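Close look at the chain arrangement
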Amino acid sequence: MPRKTSRPGLRGTAVIAAARAKLRPTGNHVTGYLAVCAAGTLIGTSLVVGAGASGTRPKLADVGAWLTSSAKGEVVHAHGLTGEVDGRAALPAGMAGHPVSVAQDGRTTLVLDERTGRVVRIDAAQLTAAQSTDYGAAGLQLVSGGAYAYVVDPVRGTVQRIDPALTTAESRPVQLGGKPGAAVVDGEGTLWVPLPDSGTVVPFVDGLKGAAVKVADAGHDLTLTVAGGRPVVTDGTAAATKVLSATGVRGAFDLGAAVAGADPADVLVPGGTEGSAVPVLAARTGDLVVVDVHSRHTVRVRVPTAGHVLGAPQLLGTRVYLPDETTGRLLVYDTAASALADPVPITDGPGELELFVRDGLLWVNDPDGAAAAVIDSDGEVRRIGKYGTAAPSARKPGDEPVEDGVPTGAPVEQVPPGAAVPGATAPGPGTPSVGASGGPSAGASGPPGPTPPAPEPGAPGAPQAESRSGAIRITFAEALGATPQRYVLKGAGPDQTVTPDEVGPDGPFVFEVRGGSCEKQYSFTVVAEYGGGRPDKESARSALARPCVAPGAPRNVTFTPDQGGHGGTVTWRAPQDAGSVTYTINGPGGTAETTEHSHAYSGLRNGIVRGVAVMARNAAGSGPAASGWIDLTPTAQQMNIVNNKPNGRDLGIRTKPHSTEGGRAGSIPPGENPEVTVHCNMRGEEITIGGKTTDVWARLTYYDPLIDKNITGYVTDLFVETRSNPDVWECE
């Protein structure tokens, strides 16, 4: 039957509406960063049905990504809603077979030849790669975002800003002062470059190098992630994740003993996530930690990974995807189900897999082969055939784009399960197979066979532990096979309570363990009790977790000065649900720590306003700092001039606290003792009048009615006597 066609405009509108409803975008967008060797892009408008026909060259889809095909020396653009390749661009001669990486910020797409250092711009309108600049070094990093693009040279320890449109250099290479790790660009367009040798991260704000931010001890392994637009650094050596700003660390999270005991080189973190949660994987042990830097909740689980070479995890929706380069599949852990999901096969064998998340989609690419896929937040997989011949390539003179409609693509499919994941729970022996119709598979006609044996008791899935304030939430997958009478939790200490006491066979499969110490880590198992003489079955142990989360910011930071100034007390209120915490105070003189809700300062100079920041910390990490001000500006006092006798000599107001140095700012007529505004006292020339001596001078303001003007200067305190007023501070 011939294939029916549809009106492009109406059909395109319907498909786009349906697709956007399906994607449910979050609104969190990370401005262009280079995660591994590829990145997504937003270019142009949608592609017309029948793209590639003679005489037409369509514009690229607005939900799509550029994917590398190193062996063929080209990059292809795939449509995110259908998986169809809607454009390809051949790279310059000599790049075929070279490792390449892609970076773009939504306006320009750049490709780096990692072997030669050549940077090429992809013209998305013409599907060409003619503009290029050779930076003449292997192993460079290409990073773009905001209005800037950068070439980072790990060997020379430099960062060079380049023009993303022309690919030419816009500045001379800037020395970093050390060998950089993988750099990222945050949602504000700031470049962040880690320097593991010094334990710092260097920001480039608006293209200019800023002050280095100290994040770890020298020599620690540092990996950067952009989470929901914010820079986050993971210290693999100290097993900590920290949120950064240009002014310092804004929060820290302890990753736990499992990660702390791992080889730092085995601690894997993605280059970016769209939300605030960051997955961290200890590859050798399979300990997976998902840290939400916004809510501060932490989920921990052990994924069976023995004997497999894994890449950095990626998070989309409730699922964490682990690229298994031993088998060419994605291992999938579903945090909502607290269990492994079916793996997603990508290639037919071992090899590198590139993963990145952009605009609510996970993109997977084999840079050396034809395989690629795009996965949505519901886990639906669309295959991408990068080596197809129907996609349009470089435009010819006279070609015009067709702007309405979208490609037909292949129907959305759920990729069938691959081979079993090591350690995953398989269906019980009594589970019927399912045919294409959804019911039991139809067998040969004839009399029914023997009654299958009763299902055997099975163990529940390995528990997932989520740290909460004052509690640990344990979720688990139900046991496959026979139906247990109940599930109970093992491992709670005498100072902990478990709710509920038991979980029925139909769930919900959740326990909450309250109490315990934040200083300790706990592990639990779930036991399926079957009764009737059948043996109980116990799950594997959960990952270690604490019954606490990193505290929030302290509240109501205020400063109360001492009498006379020169110091005072900073006070604050504890964060909500903080429990027992230690406070770090950053202020004049450096850093101090206390478990109290106040900190006193002394010996400070008056007349200066200083900043102070207070951060709460427990064993789970530290929350964001709360800021305040130490204001030692003297408060003006209203006082009267005294002892100004009508002797025919006016009272001079000096520009300096001295009778001969400086000059006169003004004067007060003899015999008048008006009210003046006293600002503070200064030490100056020693004066003796009428048997009284002092070196104190009052800095004051006098309103002179004769000239209708305020006069500010110094008067010896013998005519003001501010020494007897404790509310008058020293000026400095």
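Only a predicted model underlies this, so the values are computations on that prediction, with no experimental measurement involved.

Criteria and cut-off values
- Residues numbered from 1 in each chain as written.
- Predicted model: local features only at pLDDT ≥ 70, side-chain atom pairs only at ≥ 80, totals over all residues.
- Heavy atoms only, no water.
- Helix = DSSP H or I, 4+ residues; strand = E, 2+ residues; numbered from the N terminus.
- Contact = heavy atoms within 4.5 Å.
- Salt bridge = Lys/Arg side-chain N within 4 Å of Asp/Glu carboxyl O.
- Buried < 20%, exposed > 50% of the residue type's maximum accessible area, 1.4 Å probe, protein only.
- Phe/Tyr/Trp six-rings, centres within 6.5 Å; stacked < 30°, edge-to-face > 60°.
- Lys NZ or Arg CZ within 6 Å of the ring centre and 35° of its normal.
- Pairing = 2+ DSSP bridges.
- Axes fitted to C-alpha atoms, helices over the stretch in contact; angles between N-to-C directions.
- Disulfide = S-S within 2.5 Å.
- Polar contact = N/O pair within 3.5 Å; in protein donor to acceptor, adjacent residues only side chain to side chain.
- pLDDT = per-residue confidence, 0-100.
- Lys, Arg positive; Asp, Glu negative; His and termini not counted.

With that settled, consider the overall build of the protein chain. Summing up its helical and strand segments, the protein chain has two helices and 55 strands in all. Across the protein chain, every contact between residues at least 6 apart in sequence was considered, and the portion connecting residues at least 24 apart equals 55%.

Below, the discussion takes up the pattern of salt bridges. A pair can form between side chains of opposite charge whenever their charged atoms are brought close. Summed over the entire model, instances satisfying the criterion amount to 17 salt bridges. Note that Arg514 and Glu512 form a salt bridge whose closest N and O atoms lie 3.6 Å from each other. Close ionic contact of Asp650 with Arg664 constitutes a salt bridge, the shortest N to O distance being 3.0 Å. Placement of Asp650 in the loop between strand E50 (637-640) and strand E51 (651-654) and of Arg664 in strand E52 (residues 664-668) is noted, with a sequence separation of 14 residues between them. Classification of Asp650 by relative accessible area gives partly exposed; the value is 33%. Among the ionic contacts, a cluster of salt bridges with common partners joins Arg486, Glu502 and Glu529.

Under the criterion given, the structure shown has eight aromatic pairs. Pairing Phe356 with Trp363 gives two aromatic rings, centres 6.4 Å apart and planes at 15 degrees, and the pair type is stacked. Note on accessibility: Phe356 and Trp363 belong to one class, buried. One aromatic cluster in this structure is built from Phe476, Tyr487, Phe509 and Phe511. Seen from the ring of Tyr387, Lys72 lies directly overhead, with NZ or CZ sitting 4.7 Å from the centre.

In sheet architecture, strand pairing relies on hydrogen bonds along the backbone and comes in two forms, parallel and antiparallel. Read across the open sheet, the four strands follow the order E27-E28-E29-E30; overall the sheet is antiparallel. The open sheet has two free edges, formed respectively by strand E27 (314-316) and strand E30 (339-345), since each of these has just one partner strand. Across this sheet, the average inter-strand angle for adjacent strands is 25 degrees, counted without regard to direction. With three bridges connecting them, E27 and strand E28 (residues 319-324) associate as antiparallel partners. Residue Gln314 lies in a different strand from E28, and its bridge partner there is Tyr321.

Strand E3 (residues 74-79) sits mainly inside the fold: six of its six residues count as buried. Neither face of E3 is exposed, since Glu74, Val76 and Ala78 on one face and Val75, His77 and His79 on the opposite face are all buried. As paired elements, strand E2 (residues 64-69) and E3 share six bridges and run antiparallel to each other. Note on E3: the bridge partner recorded for Leu67 is Val76. With antiparallel pairing between neighbouring strands as the criterion, E2 and E3 make up a hairpin whose turn holds four residues, including Gly73 at a positive phi of roughly 70 degrees. Here five bridges tie E3 to strand E4 (residues 85-90), and the two strands are oriented antiparallel to one another. Residue pairing in the sheet places Glu74 in a bridge with Ala90 of E4.

Moving on: the sheet that holds strand E34 (residues 381-385). The strand order across the open sheet built from four strands is E31-E32-E33-E34, with neighbouring strands paired in antiparallel fashion. With one partner strand each, in any of the chains shown, strand E31 (354-358) and E34 form the two edges of the open sheet. Taking the axes of each pair of neighbouring strands and ignoring which way they run, one obtains an average angle of 20 degrees across the sheet. Bridge analysis of E31 against strand E32 (residues 361-365) gives five bridges, and the strand direction is antiparallel. Along E32, the bridge assignment pairs Leu355 with Val364.

A complete count under the given rule lists two disulfides for this structure. The disulfide bridge from Cys518 ends at Cys548, spanning 2.1 Å between sulfur atoms. Between Cys518 and Cys548, the disulfide has an S-S torsion of 70 degrees and is therefore right-handed. Taken as a pair, Cys518 in the loop between strand E39 (510-515) and strand E40 (525-529) and Cys548 in the loop between strand E41 (537-538) and strand E42 (555-561) lie far apart in primary sequence, 30 residues in all. Here Cys518 matches Cys548 in class, with each residue buried. Each sulfur in the disulfide pair Cys680 and Cys731 lies 1.9 Å from the other. Between Cys680 and Cys731, the S-S torsion sits near 90 degrees, and that sign places the bridge as right-handed. Of this pair, Cys680 sits in strand E53 (residues 675-689) while Cys731 sits in the segment after strand E55 (709-716), and the two are 51 residues apart along the sequence.

What follows is about the side chain of Thr109. Secondary-structure assignment places Thr109 in strand E6 (residues 109-113). With relative accessibility at 2%, the residue Thr109 sits in the buried group.

On to the pairing of strand E33 (residues 371-375). Across the five residues of E33, five count as buried, placing the element largely inside the fold. Of the two faces of E33, the one carrying Ala371, Ala373 and Ile375 and the one carrying Ala372 and Val374 are both buried. In the sheet, E32 pairs with E33 via four bridges, with the strands oriented antiparallel. Each bridged residue has a counterpart across the sheet, and for Asn365 the counterpart in E33 is Ala372.

Looking now at unusual backbone geometry. Residue Pro500 follows Thr499 across a cis peptide bond; omega there is -10 degrees. In this structure, Pro500 sits in the loop between strand E38 (496-499) and E39. Geometrically, the link from Gly507 to Pro508 is a cis peptide bond, its omega value of 0 degrees lying close to zero. Tracing the chain through its elements places Pro508 in the loop between E38 and E39. Positioned with a positive phi, His566 is a non-glycine residue whose angle comes to about 65 degrees. Here His566 lies in the loop between E42 and strand E43 (568-573).

So, about the environment of Glu466. Assignment of secondary structure puts Glu466 in strand E35 (residues 464-468). Not counting residues up to four positions away in its chain, the partners in contact with Glu466 are His297, Thr298, Val299, Ala471, Ile472 and Arg473. Within the local environment of Glu466, its side chain forms a polar contact with the side chain of His297, the two groups lying 3.1 Å apart.

Model confidence for the protein chain is summarised by a mean pLDDT of 85, while 84% of its residues fall at 70 or above. Ranking the elements of the protein chain by mean pLDDT puts strand E1 (residues 39-41) last with 34 and strand E37 (residues 486-490) first with 98. pLDDT under 50 marks residues 1-58. Its contacts with residues more than four places away, or in other chains, come to 155 contacts. Between residues 396-444, whose pLDDT stays under 50, and residues either more than four places distant or in other chains, the model counts 95 contacts.

Quick look at the environment of Ser198 now. With respect to the element layout, Ser198 can be found in the loop between strand E14 (191-195) and strand E15 (200-205). For Ser198, a relative accessible area of 27% corresponds to the partly exposed category. Ser198 sits 17 residues away from Val215 along the chain, and the two C-alpha atoms are 9.3 Å apart. In this view, Ser198 contacts Lys214, Ala216 and Ala218; residues no more than four positions away in its chain are not counted. Only 2.8 Å separates the side chain of Ser198 from the side chain of Thr200, close enough to count as a polar contact.

Below, the discussion takes up the side chain of Asp366. Relative to the elements of secondary structure, Asp366 occurs in the loop between E32 and E33. Lys386 provides the closest opposite charge to the buried, salt-bridge-free Asp366, at an N-O distance of 6.0 Å. Only 3.1 Å separates the side chain of Asp366 from the backbone nitrogen of Asp368, close enough to count as a polar contact. Ignoring anything within four residues of it in the chain, the contact list for Asp366 reads Thr68, Thr347, Glu352, Ala371 and Lys386.

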